Amino acid sequence: MKKKAFAIEAISIALAILLLISGIVLSVALENWWVFIIQFSSCVLIVLLVTSFSTMMQQTDETLRLVRDLHDAAHKQPAGESAPAKSQTESRVVCSSCGTSQPGNRSVCYNCGAQLKK
């Protein structure tokens, strides 16, 4: 991306130089320096706009790369470790009346309404 941005900047500067040279020639031919002043200010604006656009393109590219790296790092698990299954991290209790298995934090069976022993 940097080579592409550099090429765009180089082409815009070359075109700005050609515009300045044509402005000088036209100003001498017309004996009016206002033409040169207008073309000079146009060249400065063109170069500034292209340079700022090129910088924005480079920053966007770097930001995307950074976000991609952060995303990959956040989703990478250490080698040899796997995420524990939900059943391994959560205790379960079985209702003595109906035999339904349910989360260990319940005090009443959701199936039959019986009191659960902890």
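As a starting point, this report considers the structure included with it. None of the values given here were measured: they were computed from a predicted structure. Per chain, residue numbering runs from 1 following the sequence as it is written. Residues qualify for local features only when their pLDDT is at least 70, as the model is predicted, and side-chain atom pairs are given and counted only at 80 or more; totals for whole chains, interfaces and linings, by contrast, use all residues. Calculation of side-chain values draws on the structure's entire complement of heavy atoms; hydrogens and water are dropped beforehand.

**Some remarks on the overall build of the chain**
Thought 1: Runs of H or I in DSSP of at least four residues are treated as helices and runs of E of at least two as strands, each being numbered from the N terminus. Looking only at helices and strands, the chain features three helices and two strands.
Thought 2: Reading the helices (α) and strands (β) of the chain from amino to carboxyl end gives α-α-α-β-β.
Thought 3: Burial analysis of the chain (118 residues in total) assigns 16% to the buried set.
Thought 4: Long-range pairs, those at least 24 residues apart, make up 22% of the contacts in the chain with a sequence separation of at least 6.
Thought 5: Per-residue and other accessible areas follow the Shrake-Rupley method at a 1.4 Å probe size, with only the shown protein chains counted as cover for residues. Accessible surface computed for the chain: about 9300 Å², of which carbon and sulfur atoms make up 65%. Type-normalised accessible area, obtained with a 1.4 Å probe on protein chains alone, sets the label of each residue: buried when under 20%, exposed when over 50%, and partly exposed for intermediate values. The contact rule is simple, with two residues in contact once any of their heavy atoms fall within 4.5 Å.

**Comments concerning the nonpolar core**
Across soluble globular proteins, you tend to see nonpolar side chains buried next to one another.
Thought 1: Think of a nonpolar core as a cluster: buried Ala, Val, Leu, Ile, Met, Phe, Trp, Tyr and Cys residues, connected wherever their side-chain atoms sit within 4.5 Å. Listed in full, the five residues of the largest apolar core are V93, C95, C109, A114 and L116.
Thought 2: Those residues in contact with A114, other than ones at most four positions away along the chain, are C95, S97, S107, V108 and C109.

**Observations regarding helix α2 (residues 34-75)**
Thought 1: Here the expected span of a helix is defined as 1.5 Å times the quantity of residues minus one. Taking 1.5 Å of rise per residue, the 42 residues of α2 would be expected to cover 62 Å, and the 62 Å separating its terminal C-alpha atoms lies within 8% of that figure.
Thought 2: Buried within α2 we find V35, Q39, C43, V50, S54 and M57.

**Considerations on the packing of aromatic side chains**
Thought 1: Each pair of aromatic rings taken from Phe, Tyr and Trp, with Trp reduced to its six-membered ring, is defined by centres within 6.5 Å and is described as stacked if the planes are under 30 degrees apart, edge-to-face if over 60, and tilted in the remaining cases. Inspection of every chain in the model, using the stated rule, returns two aromatic pairs.
Thought 2: Pairing W33 with F36 gives two aromatic rings, centres 5.9 Å apart and planes at 85°, and the pair type is edge-to-face.
Thought 3: Among the residues examined, F36 registers a relative accessible area of 22% and is labelled partly exposed.
Thought 4: Among the aromatic side chains, those forming a connected cluster through ring pairs are W33, F36 and F40.

**Quick notes on unusual backbone geometry**
Thought 1: Despite not being glycine, E31 shows a phi value in the positive range, around 55°.
Thought 2: The residue E31 is located in the loop between α1 (2-30) and α2 in this model.

**Digging into the state of the cysteines**
Thought 1: Disulfides are defined as cysteine sulfur pairs within 2.5 Å. Throughout the structure, instances matching the rule amount to zero disulfides.
Thought 2: The thiol sulfur of C98 is not disulfide-bonded, and the nearest other cysteine sulfur, from C109, lies at 3.7 Å.
Thought 3: On the accessibility criterion, C98 (34% relative accessible area) is partly exposed.

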